[in-house]
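# Chain and residue survey
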Amino acid sequence: MIGEKLKSILEELPHSVKLVAVSKFHPMEDILEAYNAGQRRFGENRPQEFAAKAVQLPQDIEWHFIGHLQTNKLKLVLPYASLVQSIDSLHLLDAVESWGERNERSVRVLLEQHLGSEQTKSGMDEEEILQICRDAASYPHVRFCGLMGMASNTDDEQQIREEFSRIRTLFRRIAGEFPQLEEFTELSIGMSGDWRIAVECGATIVRIGTAIFGYRDYPNAL
Ligand SMILES: *Cc1c(COP(=O)(O)O)cnc(C)c1O
């Protein structure tokens, strides 16, 4: 079942776009089912769950952290994350830099842009993100790999397109204005309900949970 859903998404997804299978709230058996179908890239959004799965599941899995990260939880996430997609504040970025310095590691990150209109949505505004790019040299233990964004939870396709276009515009602007950020190549947009639109809008990474693993038990907790 999981394998078939994966396969049908992969058949439609252009080869150049990376699929992060979002396994949050789903048991390890489900992840193994996707793993046995060939999937190696998974995303989680809660530090405790992320660490437990990363330690116990096969070591060739590429783990992406995609949720809000509190600075006192870095040690659960940074040792295992191939990419932290959800840098949503300067405070968090500063903490990641100090963790990297202390642990002699460099951490690959995406900067999360706030897109939706809802007040609760996380992420930084355009000016904050541009300022971080100007200051990138002060983060020697952080590798800036691109932008992440979540569109509004709406059926209004035009609005979703506008939001994705907004982040793509910023993404291209940064790539143009900051050529020193050589790894700034990823645009992570698109979830189960809007990934086809995201691909049309230039996604290089899509993050898909429900369409692969089915509904989560505790959607309200998200
Ligand atoms: C849960 C989550 C997803 C996946 O959402 P689905 O609608 O289940 O595909 C993608 N991105 C982030 C940041 C998430 O928290």
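Residues numbered from 1 in each chain as written. Predicted model: local features only at pLDDT ≥ 70, side-chain atom pairs only at ≥ 80, totals over all residues. Heavy atoms only, no water.

### Some details on the overall build of the chain
Note the threshold: Numbering of helices and strands starts at the N terminus; helices are DSSP runs of H or I of at least 4 residues and strands are runs of E of at least 2. For the radius of gyration, the atom set is restricted to C-alpha positions; the globular benchmark scales as 2.2 Å times the number of residues to the power 0.38. The buried label applies to any residue whose accessible area, calculated with a 1.4 Å probe on protein chains only, is under 20% of its type's maximum; exposed applies above 50%, and partly exposed to all values in between. By the convention used here, residues are in contact when the closest approach between their heavy atoms is within 4.5 Å. The method behind every accessible area is Shrake-Rupley, applied with a 1.4 Å probe, and residues are considered shielded solely by the protein chains displayed. Positive charge is attributed to Lys and Arg, negative charge to Asp and Glu, and no charge count is given to His or to the chain ends. Charged groups are reduced to one reference atom each: NZ for lysine, CZ for arginine, CG for aspartic acid, CD for glutamic acid.
Counting its regular elements, the chain contains nine helices and eight strands. Computed over its C-alpha atoms, the radius of gyration of the chain comes to 17 Å, within 12% of the 17 Å expected for a compact globule of 222 residues. Scored against the burial criterion, the 222 residues of the chain give a buried share of 49%. Put simply, of all contacts in the chain between residues at least 6 apart along the chain, 59% involve residues at least 24 apart. Accessible surface computed for the chain: about 10900 Å², of which carbon and sulfur atoms make up 47%. For the chain, the distance from the average position of its 24 positive side-chain charges to the average position of its 34 negative side-chain charges is 3 Å.

### Side note on the pattern of salt bridges
What counts is decided by this rule: The salt bridge criterion pairs a side-chain nitrogen of Lys or Arg with a carboxyl oxygen of Asp or Glu, the two atoms within 4 Å.
Here the structure, examined in full by the defined rule, presents 14 salt bridges. Measuring nitrogen to oxygen at the nearest pair gives 2.4 Å for the salt bridge that ties Arg-46 to Glu-49. You can call Arg-46 partly exposed: its relative accessible area is 36%. Between Glu-177 and Arg-173 there is a salt bridge whose closest N-O contact spans 2.8 Å.

### As for the nonpolar core
Rules: The term nonpolar core refers to a set of buried residues drawn from Ala, Val, Leu, Ile, Met, Phe, Trp, Tyr and Cys, joined through side-chain atoms within 4.5 Å.
One finds Phe-144, Leu-147 and Ile-174 to be the most contacted residues of the largest nonpolar core, which totals 64 residues. When residues in this core are grouped by element, the largest group, six residues, is from helix α7 (residues 157–177). Membership of the second largest hydrophobic core comes to eight residues, among which are Val-22, Leu-110, Cys-145 and Met-148.

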